[in-house]
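# Chain and residue survey
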Amino acid sequence: MAKVALVTGSSRGIGKATALRLAKEGYDIVINYARSKKAALETAGEIEALGRKVLVVKANVGDVEKIKGMFEEIDQVFDRLDILVSNAASGVQRPIMELEESHWNWTMNINSKALLFCAQEAAKRMEKNGGGKIVSISSLGAIRYLENYTTVGVSKAAVEALTRYLAVELSEKNIVVNAVSGGAVDTEALKSFPNREELLAEARAKTPAGKMVEIDDIVDTVMFLVSEKASMIRGQTIIVDGGISLLV
Ligand SMILES: NC(=O)c1ccc[n+]([C@@H]2O[C@H](COP(=O)([O-])OP(=O)(O)OC[C@H]3O[C@@H](n4cnc5c(N)ncnc54)[C@H](OP(=O)(O)O)[C@@H]3O)[C@@H](O)[C@H]2O)c1
């Protein structure tokens with residue numbers, strides 16, 4: 001039976017591209033989404049056209065009960081899980097003095113808590129087949145100041161720390177855990193940024209590599225981390241930003 005990969009938040013953007021690439025590499029795919037049913041079904045259609053099996057699961061990964069339900073649905077269709085890409089993210093973009101408790105909880109639940117509880121459920125399945133790979137997706141706001149980005153940045157710092165803890169404790173199950181952090185990528189996510197145009201202009205003008213990071217740059221790194229070539233890399237966050245975070 002083909003190996004199986006779950007990509008959270010794979011109805012669009014980086015998650016969708018990752019799911020498609022994994023399908024091209026021969027994995028059967030679990031697509032997860034929260035709201036964009038049409039986009040999720042379109043992605044599923046593209047994966048089926050590649051000859052792979054696909055399951056679409058609507059589940060808000062910010063809710064642990066919904067995560068458990070998602071894995072139960074996976075169990076009904078697939079008898080294994082080999083890869084988890086924890087990609088789904090959301091967040092409230094506001095200056096610090098405008099942040100409310102609900103904004104904090106929303107962002108931390110979807111971006112940080114989800115990694116822990118998806119990883120727990122994934123690890124239970126992966127160990128039955130001798131191991132697996134987990135990749136979380138982070139962003140530069142985890143390690144540096146970005147305007148209006150407090151909740152997301154802090155949630156991504158938690159993702160990177162959790163990635164290190166998971167890497168140690170899941171190693172005994174032969175599960176390799178790492179993160180990919182990206183510079184700005186022009187996906188729908190940026191539409192919620194009040195300073196989108198400014199951010200894109202800055203990325204275009206200042207990235208030492210001479211161009212912005214593209215979705216495929218992130219996907220290429222995810223694919224490396226889930227390959228056997230990366231099996232001695234554990235708990236690391238690989239920054240894919242064309243060098244922009246090196247500037248003061
Ligand atoms: N774009 C960037 O500049 C950038 C840079 C660095 C890192 N990243 C990271 O890359 C990842 C993907 O970002 P993107 O730009 O591709 O974002 P995107 O285009 O906004 O896509 C986000 C995906 O996550 C899903 N999602 C959102 N909330 C969810 C929830 N509660 N439960 C399940 N799924 C949920 C969305 O599905 P629904 O529409 O169905 O909710 C969608 O499929 C994120 O972790 C992001 O932080 C992005």
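Here's a quick rundown of the structure. No experiment lies behind these values; they were computed from the predicted model shown. (Residues numbered from 1 in each chain as written. Predicted model: local features only at pLDDT ≥ 70, side-chain atom pairs only at ≥ 80, totals over all residues. Heavy atoms only, no water.)

## Section: the overall build of the protein chain
- Within the protein chain, the regular secondary structure consists of 7 helices and 7 strands.
- Listing every helix and strand of the protein chain by position from the N terminus yields β-α-β-α-β-α-β-α-β-α-β-α-α-β.
- Against the compact-globule benchmark of 18 Å for 248 residues, the protein chain has a radius of gyration of 17 Å, which places it among compact chains.
- Once the C-alpha set of the protein chain is aligned to its principal axes, its extents read approximately 50 × 35 × 35 Å.
- Taking all contacts inside the protein chain whose residues are at least 6 apart in sequence as the whole, residues at least 24 apart take part in 74%. (Helix = DSSP H or I, 4+ residues; strand = E, 2+ residues; numbered from the N terminus. Rg over C-alpha atoms; globule rule 2.2 N^0.38 Å. Contact = heavy atoms within 4.5 Å.)

## Quick notes on the site of the ligand
- Taken together, 30 residues form the shell around the ligand, and within it Ser11, Arg35, Ser36, Val185 and Thr187 come nearest.
- Between Ser36 and the ligand, the recorded distance is 2.3 Å, taken from a side-chain N or O atom to an oxygen atom.
- With the chains in place, 94% of the 910 Å² that the ligand exposes on its own is no longer accessible.
- Mapped by element, the contributors of at least two residues to the shell around the ligand are helix 1 (13–24), strand 2 (28–33) and strand 5 (132–139). (Near = heavy atom within 4 Å. Polar contact = N/O pair within 3.5 Å; in protein donor to acceptor, adjacent residues only side chain to side chain. Areas by Shrake-Rupley, 256 points an atom, 1.4 Å probe, with all protein chains shown as cover.)

## Quick word on the pairing of strand 1 (residues 4–7)
- Of the two faces of strand 1, the one carrying Val4 and Leu6 and the one carrying Ala5 and Val7 are both buried.
- Note that strand 1 and strand 2 share 4 bridges and pair parallel. Bridged to Val7 within strand 2 is Ile31.
- This β-α-β element, strand 1 to helix 1 to strand 2, shows right-handed connectivity.
- Summarising the sheet, strand 1 and strand 4 (residues 83–86) pair through 3 bridges and their orientation is parallel. Opposite Ala5, over in strand 4, you have Ile83 as the bridge partner. (Buried < 20%, exposed > 50% of the residue type's maximum accessible area, 1.4 Å probe, protein only. Pairing = 2+ DSSP bridges. Right-handed = clockwise from strand over helix to strand, strands pointing away.)

## Some points on the side chain of Thr221
- Considering the arrangement of structural elements, one finds Thr221 in helix 7 (residues 215–225).
- According to the relative accessible area criterion, Thr221 is buried, its value standing at 13%.
- Aside from chain neighbours lying at most four places away, what touches Thr221 is Val180, Ile238 and Val240.

## Regarding helix 7
- Within helix 7, burial applies to Ile218, Val219, Thr221, Val222, Met223 and Leu225.
- In the core, the buried residues of helix 7 are packed alongside helix 1, strand 4, strand 5, strand 6 (175–182) and strand 7 (237–240).

## Comments concerning the pattern of salt bridges
- Scanning the entire structure with this criterion turns up 16 salt bridges.
- A salt bridge links Arg21 to Asp220; its shortest N-O distance comes to 2.8 Å. With Arg21 in helix 1 and Asp220 in helix 7, the pair connects residues that are 199 residues apart, well separated along the chain.
- Salt bridges sharing common partners tie together Asp75, Glu121, Lys124 and Arg125. (Salt bridge = Lys/Arg side-chain N within 4 Å of Asp/Glu carboxyl O.)

## Describing unusual backbone geometry
- Even without a glycine there, the phi angle at Asn148 is positive, about 65 degrees.
- Of note, Asn148 is situated in the loop between strand 5 and helix 5 (150–170).
- For Asn148, a relative accessible area of 13% translates into the label buried.
- You will see that Asn174, though not glycine, has its phi angle at about 60 degrees, which is positive.
- Position of Asn174 among the secondary structure elements: in the loop between helix 5 and strand 6.

This is a description of form; function is not addressed.
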